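Chain residues, written in single-letter form:
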Amino acid sequence: MTAPLASSPIASTPAADGFRMPAEWEPHAGTFMIWPRRPDNWRENAAPAQAAFAAVAGAIARFEPLTMLVPPGEIARARALLPPAARLLEAPSDDSWCRDSGPSFVTDAGGRVRGVDWGFNAWGHLYEPFDQDEAVAGTILASVGAPRYRAPLVLEGGSIHVDGEGTVLTTEECLLNPNRNPHLSRGEIEQHLRDYLGVSTVIWLGAGLVDDETNGHIDNLACFVRPGVVALTWCEDPADPQYAISRDAFARLEKARDARGRAIEVVKLPLPGPLHRTDAEAAGLAPIAGAGPEAMSRGAGERLGASYANFYLGNGFLLMPRLDPRTDDEARGILAGLFPDREVIGIESREIVLGGGNIHCITQQQPAGTPG
């Protein structure tokens, strides 16, 4: 199927129309992903990354509809690797981070579904051009017939986590970074979050995960697991720079109250590694002519931004990254305890981490409801 053109945006805001962004654990109509193929980000012509994306897609497709946006020329390859149930939507893209370039869906009390199309600038011009990724949200919304709000804010979906009850969690490192919205104050950014997510309370953490090239996305540091409860990436090594970051986040969460006045309970997730890019993993990349500054560093020995907080919730399942045999089982046990009603599935996701993200970063949920 070829992607339709984006619809004209609605002139109002989700909050004004009675819409809010539901929590990820609420029922889904399905999940969207984008097929990887960028040769300066994914080694060996993206073959290892495509296998990893296919594993994620196959796990999701067992539980809910899965739609993969596939660049022209990649349909046959994607069809061969993806499960038969996966819906393929032919659409151009610059890279494959659907959490960040895709829309944030919102719903109202009557079960209507719409979407927010945020501004996108490739994480502060990490690569150029990014016009095809900037168009992804509109494409996805048009494909399901969901009306579109256009937000006056550069924001990636990985930089926010909501509890579905009026609270959003984010980081100062990302949302206040001058490479996103230098013309907006902290207060103005908060107001846009209220207007376009339907929230009333913003909880700010400081820095994000060490060596996260997204400038500290919240989905690598912390996330709501239910209202009033946050899972936090935790480091026990005082010599690791993540140690101070995690403790600062813990202190802020201890002082915070959510939109309903609840104190925040914190559950600690172990930090894998630290993990580093090997010589072999740094090889096999090919530059793209005219792709702008080489801001995506992919050198041997570099520390990878890896975290168990970057899991994905769907209808009856939790998809978690498997990153380090020394900590995988501990992380799985914690997540299984937090979500006893879901099947916890581990996916070897190092190939995704090599590209700059993880399972949550490559997925985007559409909540249950009727587009309209």
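First things first, this report covers the structure right here in the doc. Bear in mind that the values here come from a model prediction, so they are computed numbers and not experimental data.

Turning our attention to the sheet that holds strand β12 (residues 265-270). The strand order across the open sheet formed by 3 strands is β10-β11-β12, and the pairing between neighbours is mixed. Of all the strands in the sheet, just β10 (222-226) and β12 have a single pairing partner and so form its edges. Taken pair by pair, the neighbouring strands of this sheet meet at an average axis angle of 35 degrees, ignoring direction. Bridging between strand β11 (residues 229-234) and β12 involves 6 bridges; their strand directions are parallel. Of the residues in β12, the one forming a bridge with Thr233 is Leu269. Strand contacts of helix α11 (residues 328-338): β10 and β12, with the helix running at about 150 degrees to β12, the strand carrying the most contacts.

A full pass over the atoms with the stated rule returns 12 aromatic pairs. Pairing Phe32 with Phe105 gives two aromatic rings, centres 6.4 Å apart and planes at 20 degrees, and the pair type is stacked. Here Phe32 is found in strand β1 (residues 28-34), whereas its partner Phe105 is found in strand β4 (residues 104-107), with 73 residues between them in sequence. According to the relative accessible area criterion, Phe32 is buried, its value standing at 2%. An aromatic cluster of at least three residues, connected via ring pairs, comprises Phe120, Trp123, Tyr127 and Phe130. Positioned above the aromatic ring of Trp204, the side-chain terminus of Arg186 is 4.6 Å from the ring centre. Taking the ring centre of Trp234 as reference, the NZ or CZ of Lys268 above it sits at 4.0 Å.

Our next topic: the nonpolar core. Counting 42 residues, the largest nonpolar core has Leu169 and Phe311 as its most contacted members. Ranked by residues supplied to this core, first place goes to β11 with 5 residues. Once residues within four sequence positions are removed from consideration, Phe311 is found in contact with Glu24, Cys223, Val225, Leu318, Leu319, Met320, Pro321, Leu335, Phe339 and His360. Residues Trp35, Ala54, Leu319 and Cys361 belong to the second largest nonpolar core, which totals 36 residues.

Cut-offs applied
- Residues numbered from 1 in each chain as written.
- Predicted model: local features only at pLDDT ≥ 70, side-chain atom pairs only at ≥ 80, totals over all residues.
- Heavy atoms only, no water.
- Pairing = 2+ DSSP bridges.
- Helix = DSSP H or I, 4+ residues; strand = E, 2+ residues; numbered from the N terminus.
- Axes fitted to C-alpha atoms, helices over the stretch in contact; angles between N-to-C directions.
- Contact = heavy atoms within 4.5 Å.
- Phe/Tyr/Trp six-rings, centres within 6.5 Å; stacked < 30°, edge-to-face > 60°.
- Buried < 20%, exposed > 50% of the residue type's maximum accessible area, 1.4 Å probe, protein only.
- Lys NZ or Arg CZ within 6 Å of the ring centre and 35° of its normal.
- Core = buried A, V, L, I, M, F, W, Y, C linked by side-chain atoms within 4.5 Å.

Fair warning: the whole summary comes from geometry, so function is off the table for now.
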